[in-house]
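Next come the chains, spelled out residue by residue.
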Amino acid sequence: MSQSKSKVIAVATQKGRAGKSTIAIHLAVQAMQSKKNAQVVLRAP
Ligand SMILES: Nc1ncnc2c1ncn2[C@@H]1O[C@H](COP(=O)(O)OP(=O)(O)OP(=O)(O)O)[C@@H](O)[C@H]1O
Ligand SMILES: [Mg+2]
């Protein structure tokens, strides 16, 4: 059985407009600059 090396990073706050999406996008850019794939999923509760 193969082991996935994927990591899931959650950025969450109760407060709105706190910068969650901005942080998520910056993390994805960093990952891609390190030649890693990244997928950003934005969710509202
Ligand atoms: N470190 C920061 N310094 C200044 N402004 C910021 C910073 N991070 C985010 N912002 C600004 O704050 C606003 C809200 O950011 P963002 O949309 O990332 O928040 P959010 O938590 O995803 O909001 P929502 O809860 O509506 O999804 C945006 O206008 C963004 O440009
Ligand atoms: Mg957001």
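In short, a report on the structure. (Residues numbered from 1 in each chain as written. Chains lettered and ligands numbered in written order. Predicted model: local features only at pLDDT ≥ 70, side-chain atom pairs only at ≥ 80, totals over all residues.)

## Description of helix α1 (residues 20-33)
Every α-helix carries 3.6 residues per turn, so stepping three or four residues along brings you back to the same face. Over its 14 residues, α1 extends 20 Å from the first C-alpha to the last, a length consistent with the 20 Å expected when each residue adds 1.5 Å. Along α1, only zero of the 14 residues are buried, which leaves the element largely exposed. Remark: Lys-35 follows α1 within two positions and exhibits a positive phi of approximately 65°. (Helix = DSSP H or I, 4+ residues; strand = E, 2+ residues; numbered from the N terminus. Expected span 1.5 Å × (residues − 1). Buried ≥ 20, exposed ≤ 12 C-beta atoms within 10 Å, placed from the backbone.)

## Some thoughts on the environment of Val-8
Structurally, the position occupied by Val-8 is in the segment before α1. Sequence separation between Val-8 and Ala-24 is 16 residues, and the spatial gap between their C-alpha atoms is 11 Å.

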